[in-house]
Amino acid sequence: MTALVAVLTVVSLLNLLLTVGLLRKVREQADRLAEVEAGVPPMLPDGVEIGDFATVTLDGEPLTRADLTGEVYVGFFNWNCEVCHDRLPQFIAEAERRSDPRQVLAVVRGTPELAVEMTSRLDPVARVVVEEKRGPVQVAFHLYATPAFCVLNPDHTIRASGYEPVLAAARP
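Keep in mind it's a predicted model, so treat the numbers as computed, not measured.

### Let's talk about helix α2 (residues 82-97)
Its 16 residues give α2 an end-to-end C-alpha distance of 24 Å, which sits within 8% of 22 Å, the value for a rise of 1.5 Å per residue. Those residues of α2 that fall on the buried side of the exposure criterion are C84, R87, L88, F91, I92, E94 and A95.

Written out as structure tokens, the structure reads:
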């Protein structure tokens, strides 16, 4: 009988921990949604120059801000974000309309092992970077939330940005 009570106590405590964790996640999502609806930008505002960065693409190619030449379409994703997966087809469609995959940059938050499904879809149309939260590219763009999209001018200033791929891809 004592063993049964001990097992039930442990199971109840685990259930409580899981419930608290889920409530925390739901609260974070609700806060993020409220910020999006309030118009909080996902990254640096339009007209602002991005910072310097140095990273490596999934293909092993070194990538710095200086390597982003011409107009570059940029998308930021999180491997475990449902909205990111929902926006992925729109981003890919816009990327395919561009003549050079080197003019498209996709940054996926996570690890290469976790992000493999997303990166395999992005790799044919973009230079792909996978980095942990607060990685060098995210810091350079002052990324606040994902998904986020922008068009970068040749002078490394953001021309258009937003949470929607079509909005960010809009031409002046």
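### Here's the deal with the side chain of N78
For N78, the location among the structural elements is in strand β3 (residues 72-78). Discounting chain neighbours no more than four positions away, the residues touching N78 are C84, R109, M118 and T146.

### Concerning the packing of aromatic side chains
Evaluated as defined, the whole model comprises 5 aromatic pairs. Where F76 meets F141, the ring centres are 5.2 Å apart and the plane angle is 65°; that geometry is what we call edge-to-face. Residue F76 is located in strand β3, and its partner F141 is located in the loop between α4 (136-140) and β6 (148-152); the two are separated by 65 residues in the primary sequence. Its relative accessible area of 1% is what places F76 among the buried residues.

### What about the sheet that holds strand β4 (residues 104-109)?
Taken in spatial order, the 5 strands line up as β5-β4-β3-β6-β7 in an open sheet, and their pairing is mixed. With partners counted over all chains shown, the strands left at the sheet margins are β5 (127-131) and β7 (158-162), one partner each. Put simply, the sheet's adjacent strands are angled 15° from each other on average, direction ignored. Alignment of β6 against β7, held across 4 bridges, turns out to be antiparallel. In the strand pairing of β7, L152 is matched with I158. Where α2 meets the sheet, its contacts fall on β3, β4 and β6, and the angle it forms with β3 comes to roughly 165°.

Thresholds applied
Residues numbered from 1 in each chain as written. Predicted model: local features only at pLDDT ≥ 70, side-chain atom pairs only at ≥ 80, totals over all residues. Heavy atoms only, no water. Helix = DSSP H or I, 4+ residues; strand = E, 2+ residues; numbered from the N terminus. Expected span 1.5 Å × (residues − 1). Buried < 20%, exposed > 50% of the residue type's maximum accessible area, 1.4 Å probe, protein only. Contact = heavy atoms within 4.5 Å. Phe/Tyr/Trp six-rings, centres within 6.5 Å; stacked < 30°, edge-to-face > 60°. Pairing = 2+ DSSP bridges. Axes fitted to C-alpha atoms, helices over the stretch in contact; angles between N-to-C directions.

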